[in-house]
Amino acid sequence: MVIAYPYRPESLYLNVTNRCSNDCRFCVRKRGDFSLAGFDLRLTEEPSADQVLAAIAEQETAHGGPFGEVVFCGFGEPTFRLELIGEVGRALRSAGTTVRLNTNGQGALIAGRDPWPTLTDALDAVSISLNAPDSVSYQALCRPQHGEAAYDAVLSFAQKGSERVDEVVLTVVGFTLDDDATERCEQIANSLGVGFRIR
Ligand code: SF4
C-alpha cells in the first residue's frame, strides 16, 4: 500500500484517502487501475497519522534527507481526513517541513463544519481546484455529491484560506476550459486575492 510517494524531485505526496465528493469528468481515478506515475495508489485501508509519519520517514531516508515540500494529495480528496491533515501537518511544520494541501475545496461540506480550525498551523500552502467559472459549469464538469452547494463552498474555502495560509492558489485544468472561461476563473482568483494556475 503506497502512502507516500515522490512525485517531483523535491516533492513528497501523501495518499491519505481514495474517497472524493466529486466525480470529475477528467479525473485520473476514472482509469480504474489507481495508477499514477508508476505507483499503485489503491488503499486497502486509510492510513493512520502514525502510518503516514512512518511512510514519510521511510521516503526521507531513501531520498537522503527531507523533501522540499510534503503534499496532502491522495488519489481522492484529502479533507476526508481532516483530523489527520491537522495532526501530520503540524508535526511536519514543527520539524521545518513545508506542507501543502491539494484539495477540491469542499472540506466544509465533507466535514459538516468549518475545516479551518482543524487545519490551524498545519499548512504553508493550499492549491484549490476551482475548475469552472460558475456553479452550473462546475456541476457539469465535476458532478459534486453536494450539488449546488459545492461551488460556493469552494469559493468560501479559498477566501477563508487566504486569511490563514501564506499561499492559496486556485487552479483549473487547461484542456477542459476555453479562453473565456479560463479568464473568468482568473478574475475570480484576483477578486479573492489569491493566486491562479492552469494545470
Ligand atoms: S476532485 Fe480530484 S480526486 Fe475528486 S473526482 Fe475531481 S479530480 Fe478526481
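The numbering scheme is per chain: residues are counted from 1 as the chain's sequence reads. With pLDDT at 70 or above as the cut-off, local features in this predicted model cover only qualifying residues; side-chain atom pairs require 80 or more to be listed or tallied, and sums for whole chains, interfaces and linings still use all residues.

We now examine the site of the ligand. Any residue whose C-beta atom, as placed from the backbone, lies within 6 Å of a molecule or strand is termed near it. Cys20, Asn22, Asp23, Cys24, Cys27, Arg29, Gly76, Glu77, Asn104, Ser129 and Cys142 make up every residue found near the ligand. In terms of residue class, the shell around the ligand is made up of four nonpolar, four polar and three charged. Classification convention: Asp, Glu, Lys, Arg as charged; Ala, Val, Leu, Ile, Met, Phe, Trp, Tyr, Cys, Pro as nonpolar; all other residues, Gly among them, as polar.

Strand order in this open sheet of seven strands is 1-2-5-6-7-8-9, and the pairing throughout is mixed. The sheet terminates laterally at strand 1 (4-8) and strand 9 (195-198), the two strands that pair on one side only. Strand after strand, the sheet turns through a mean of 25 degrees between neighbouring axes, direction not considered. Note that contacts rest on C-beta atoms placed from the backbone: two residues are in contact if these are within 7 Å. Note on definitions: angles span 0 to 180 degrees between N-to-C directions of axes, and those axes are lines fitted to C-alpha atoms, for helices only across the stretch in contact. A run of H or I in DSSP counts as a helix once it spans at least four residues, and a run of E counts as a strand once it spans at least two, with each numbered from the N terminus. This element, helix 1 (residues 49-63), spans strand 1, strand 2 (11-14) and strand 5 (69-72) of the sheet and lies at about 50 degrees to strand 1. Pairing between two strands requires that DSSP report at least two bridges joining them.

This next bit is on helix 6 (residues 149-162). Any helix carries an expected span of 1.5 Å times its number of residues minus one. Along its 14 residues, helix 6 runs 20 Å from first to last C-alpha, staying within 8% of the 20 Å computed at 1.5 Å per residue. Those residues of helix 6 that fall on the buried side of the exposure criterion are Ala150, Tyr151, Val154, Phe157, Ala158 and Gly161. Down the axis of helix 6, the smallest arc covering the buried residues is 125 degrees, so these residues share one side. On the buried face of helix 6, the contacting elements are helix 3 (107-111), strand 7 (125-129), helix 5 (135-142), strand 8 (167-172) and helix 7 (179-192). The burial criterion counts other C-beta atoms lying within 10 Å of a residue's C-beta, which is placed from the backbone; the residue is buried at 20 or more, exposed at 12 or fewer, and partly exposed between these limits. This arc corresponds to the set of directions leading from the helix axis out to the C-beta atoms.

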